[in-house]
Amino acid sequence: MESLWRSVTGANPDPSDYAGVEFWSNPERSGWLTKQGEYIKTWRRRWFVLKQGKLLWFKDPFDSSTSSAIPRGVISTADCLTVKGAEDVLNKPFSFELSTSRDTMYFVAD
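A. Representation of the pattern of salt bridges. On inspection of all chains with the given rule, the structure shows two salt bridges. The salt bridge involving Arg-45 is made with Asp-110; its shortest N-O contact spans 3.0 Å. Of this pair, Arg-45 sits in strand β2 (residues 43-51) while Asp-110 sits in the segment after β7 (104-108), placing them 65 residues apart in sequence. In this structure, Lys-84 engages Glu-97 in a salt bridge whose closest nitrogen and oxygen atoms are separated by 3.9 Å. Of the two residues, Lys-84 is situated in strand β5 (residues 82-85) and Glu-97 in strand β6 (residues 95-99); the sequence distance between them amounts to 13 residues.

B. Up close: unusual backbone geometry. The phi dihedral of Asn-91 falls on the positive side, at around 55°, and the residue is not glycine. Residue position: Asn-91 is located in the loop between α2 (87-90) and β6.

C. Focus on the packing of aromatic side chains. Taken as a whole, this structure holds seven aromatic pairs when the rule is applied. On the basis of an interplanar angle of 70° and a centroid distance of 6.1 Å, the ring pair of Tyr-18 and Phe-23 is categorised as edge-to-face. Of the two residues, Tyr-18 and Phe-23, both sit in the buried class. Between Phe-48 and Phe-107 the ring centres are 5.5 Å apart and the planes differ by 80°, which places this aromatic pair in the edge-to-face class. Highlighted residues: Phe-48 in strand β2 and Phe-107 in strand β7, separated in sequence by 59 residues.

D. Region of interest: the confidence of the model for the protein. On average, residues of the protein score 86 in pLDDT, and 89% of them are at 70 or above. Of all secondary-structure elements in the protein, the lowest mean pLDDT belongs to helix α1 (residues 4-9), at 42, while β5 reaches the highest, 96. Across residues 1-10 the pLDDT falls below 50, and counting only partners more than four positions away or on other chains, this stretch makes eight contacts in the model.

E. Spotlight on the nonpolar core. Counting residues in hydrophobic clusters, the biggest one holds nine residues: Tyr-18, Val-21, Phe-23, Trp-47, Val-49, Leu-56, Phe-58, Ala-69 and Val-74. Sorting the residues of this core by element identifies β2 and β3 (54-58) as the ones contributing at least two each. Membership of the second largest hydrophobic core comes to eight residues, among which are Phe-48, Leu-55, Leu-98 and Phe-107.

F. The arrangement of the sheet that holds β2 in detail. With antiparallel pairing, seven strands are arranged side by side in an open sheet as β4-β3-β2-β1-β7-β6-β5. Bordering the open sheet on either side are β4 (73-76) and β5, each of which pairs with just one other strand. On average, each strand axis in the sheet is inclined to that of its neighbour by 35°, with strand direction left out of account. In terms of strand pairing, strand β1 (residues 29-36) meets β2 through eight bridges, oriented antiparallel. Note that in β2 the partner of Lys-35 across the bridge is Arg-44.

Basis of the calculations
- Residues numbered from 1 in each chain as written.
- Predicted model: local features only at pLDDT ≥ 70, side-chain atom pairs only at ≥ 80, totals over all residues.
- Heavy atoms only, no water.
- Salt bridge = Lys/Arg side-chain N within 4 Å of Asp/Glu carboxyl O.
- Helix = DSSP H or I, 4+ residues; strand = E, 2+ residues; numbered from the N terminus.
- Phe/Tyr/Trp six-rings, centres within 6.5 Å; stacked < 30°, edge-to-face > 60°.
- Buried < 20%, exposed > 50% of the residue type's maximum accessible area, 1.4 Å probe, protein only.
- pLDDT = per-residue confidence, 0-100.
- Contact = heavy atoms within 4.5 Å.
- Core = buried A, V, L, I, M, F, W, Y, C linked by side-chain atoms within 4.5 Å.
- Pairing = 2+ DSSP bridges.
- Axes fitted to C-alpha atoms, helices over the stretch in contact; angles between N-to-C directions.

Listed below in structure tokens is the structure:
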């Protein structure tokens, strides 16, 4: 069941953004990152999966374990313009910035 906030804001990614990507099976990389929210700038820990040039995130690992799962967000690596350290910007160790033509997102690794 999706949250009211996500349904009102249209925060769900378009299924065509990850069509054909079997993220629930043998991801190339997966793990926890803390991500700054897009609308409300709070920090949330999310489970990330990298597969077939798509970076998808979920609330927790169990959310990504079935073919019927819906990611909370998707970024195509082809859309990334820059990925660079952001420790000086955020004053947090192991932080980085990912920029696309539409957004700049911040992440912190453990």
